Structures are given as C-alpha cells and as structure tokens.
Amino acid sequence: TGGGTSNYAATLNGAYDFNYRQGSLTWDNRIMAEYGITKTKEQKFARKTNDRIELNSILGKQIKETNWYYSYFLNFKTQFGSGYNYFEDMDGEEQRIETTKFLSPGYIQTGPGFLWKKIAKLKVNFSPATARFIIVDNAFTSVPGYVDGDYFGLDEGESVRFEVGASVNAYAKFELMKNVSVENILNLYANYLEDPQNVDIDYTLNVLMSVNKYITANFTLQAIYDDNAVKGFQIREALGVGVTYGF
C-alpha cells in the first residue's frame with residue numbers, strides 16, 4: 001500500500017497592544033511576532049514558513065474636536081532567524097546557503113504626518129515625508145561578483161540604504177459575526193528618490209474564529225510587493241487550529 005511521509009509543522013503568533021491617551025494626546029503601539037517551521041522526514045533541514053518581528057508606534061495630537069491628529073510614527077521590521085536557499089549537490093544531498101538573518105534585512109520607517117482615527121480599531125496614518133532605512137549585513141553585499149542593487153537595493157559593500165518617500169499605514173478590525181473577527185493591516189510606501197511609481201505593499205488579513213475561550217481557528221493571508229527584494233508578489237497563507245490566551 002502507498003504510504004505517506006512523516007512530517008511536523010508548528011507556528012507561534014503573538015500580538016500585544018499598549019495604548020495611552022491623556023486629553024488630546026494619544027500614543028498607540030503594537031508589537032507582532034510570528035515564527036513557523038515545517039519539516040518532512042525526507043528533508044535534511046527544517047524550513048521556515050513564517051518569521052516576523054514588527055513594531056508600530058504612532059504619537060498623535062488631536063486637531064480640535066475632530067477625528068484628525070498631527071502625528072509622528074515609527075515602524076520597525078525584521079526577522080528572528082536565518083533564511084536559506086535550498087539545493088541539491090552533485091551527490092543528491094540537500095544543501096543550503098544563508099540569504100537572510102536577524103537585521104538583514106531590517107526596515108525602519110519614521111516621519112511626521114496626519115492620523116485619522118475613529119476608534120482604536122479603525123485608523124489611517126499618512127506621512128508625506130517618511131525616512132526609511134534598510135539595514136543589512138554587508139557580508140551579503142561584499143561577495144565576489146556582487147551587482148549593485150541585488151540585495152534589497154543596496155550597492156556593493158554597503159550595509160545601510162537610505163530613502164525618503166511617502167507612506168500610508170492603515171488598520172481596521174471588526175466583528176464579521178459572532179465569534180469571528182477580521183483584522184486588516186496595510187502598509188504602503190513610495191520612494192521619492194528612485195522609481196516612485198513602484199509602490200511597496202505589505203497587506204495582512206487575519207481571521208480569528210473562536211470555538212471557546214481557549215480554542216480558536218485562524219486564517220492568515222499576507223501579500224508583499226517590494227521590487228528591491230523580489231520583482232513580483234510574495235503570497236503567504238496559513239490556516240490552523242490552535243490554543244489562544246488573551247490578557
């Protein structure tokens with residue numbers, strides 16, 4: 001009879017919001033951390049299915065008695081562990097080459113702007129003067145034969161790329177029906193200094209379905225477009241049942 005292949009997969013997701021308000025001043029913060037792996041018996045190495053650390057922080061000063069605020073935001077993104085390209089050698093053995101790791105790349109975006117916030121679960125921040133820093137380990141940009149721009153847009157031997165552009169960060173969370181919540185996170189960025197028409201997109205959809213206080217089903221869809229990394233859309237989907245603890 002036909003048989004299968006032993007395998008395992010695991011994903012850990014965490015999100016924490018800490019917000020402050022006093023009078024017309026607001027400060028909203030959100031940390032997200034995700035890490036997932038999978039491995040089959042036939043594979044020599046375990047492989048990542050997800051890896052992200054992200055911090056979003058927005059400071060706002062309300063404009064009179066409206067839903068508009070003067071704002072200043074900070075966004076930071078990187079990953080926990082190394083990423084690899086996998087291949088087979090001449091003997092058919094699986095090998096891998098490290099291509100990314102913690103803070104390679106790391107993204108920092110910051111700048112002043114305007115925040116529209118109806119409630120904590122519905123807000124949009126627009127910053128027309130956003131500074132962005134892309135940080136990498138220059139070991140990746142110093143290999144023989146390196147071509148400028150190949151590694152997240154950096155030139156040979158560089159470890160930091162600086163950009164100035166415009167950004168839009170939007171967040172919306174609502175109840176679709178009883179025990180089903182939908183969360184949307186959208187980040188857009190256009191670099192004024194190079195190809196401003198190539199807008200970087202990072203969109204995440206999270207659907208959380210509660211069975212009871214501790215058991216949930218989760219669906220995640222993430223779509224990324226960044227032509228400094230890959231000239232095309234990157235799509236990630238995950239569906240699972242797990243244990244959730246809220247506090």
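A brief look at the structure comes next. Note that the structure is a prediction, hence the values are computed from the model and not measured. (Residues numbered from 1 in each chain as written. Predicted model: local features only at pLDDT ≥ 70, side-chain atom pairs only at ≥ 80, totals over all residues. Heavy atoms only, no water.)

**With respect to the pattern of salt bridges**
So, point 1. Counted under the stated rule, the structure contains 15 salt bridges.
So, point 2. A salt bridge links Arg30 to Asp17; the nearest nitrogen and oxygen atoms lie 2.9 Å apart. With Arg30 in strand 2 (residues 25-40) and Asp17 in strand 1 (residues 7-22), the pair connects residues that are 13 residues apart, well separated along the chain.
So, point 3. Residue Arg30 is classed as buried on the basis of its relative accessible area, which comes to 13%.
So, point 4. On the basis of relative accessibility, which here comes to 41%, the residue Asp17 falls in the partly exposed class.
So, point 5. A salt bridge links Asp200 to Arg132, with the nearest nitrogen and oxygen atoms 2.7 Å apart. Of this pair, Asp200 sits in strand 11 (residues 200-210) while Arg132 sits in strand 8 (residues 122-135), and the two are 68 residues apart along the sequence.
So, point 6. On the basis of relative accessibility, which here comes to 4%, the residue Arg132 falls in the buried class. (Salt bridge = Lys/Arg side-chain N within 4 Å of Asp/Glu carboxyl O. Helix = DSSP H or I, 4+ residues; strand = E, 2+ residues; numbered from the N terminus. Buried < 20%, exposed > 50% of the residue type's maximum accessible area, 1.4 Å probe, protein only.)

**Digging into a negative patch on the surface**
So, point 1. Together, Asp148, Asp150, Asp155, Glu156 and Glu158 make up a region of like negative charge exposed at the surface.
So, point 2. Relative to the helices and strands, Glu158 resides in the loop between strand 8 and strand 9 (160-177).
So, point 3. Judged by relative accessible area, Glu158 falls into the partly exposed class, the value being 34%. (Patch = residues over 30% accessible without salt bridge, like charges linked within 9 Å, V, L, I, M, F, W, Y side chains within 5 Å. Areas by Shrake-Rupley, 256 points an atom, 1.4 Å probe, with all protein chains shown as cover. Lys, Arg positive; Asp, Glu negative; His and termini not counted. Charge placed at Lys NZ, Arg CZ, Asp CG, Glu CD.)

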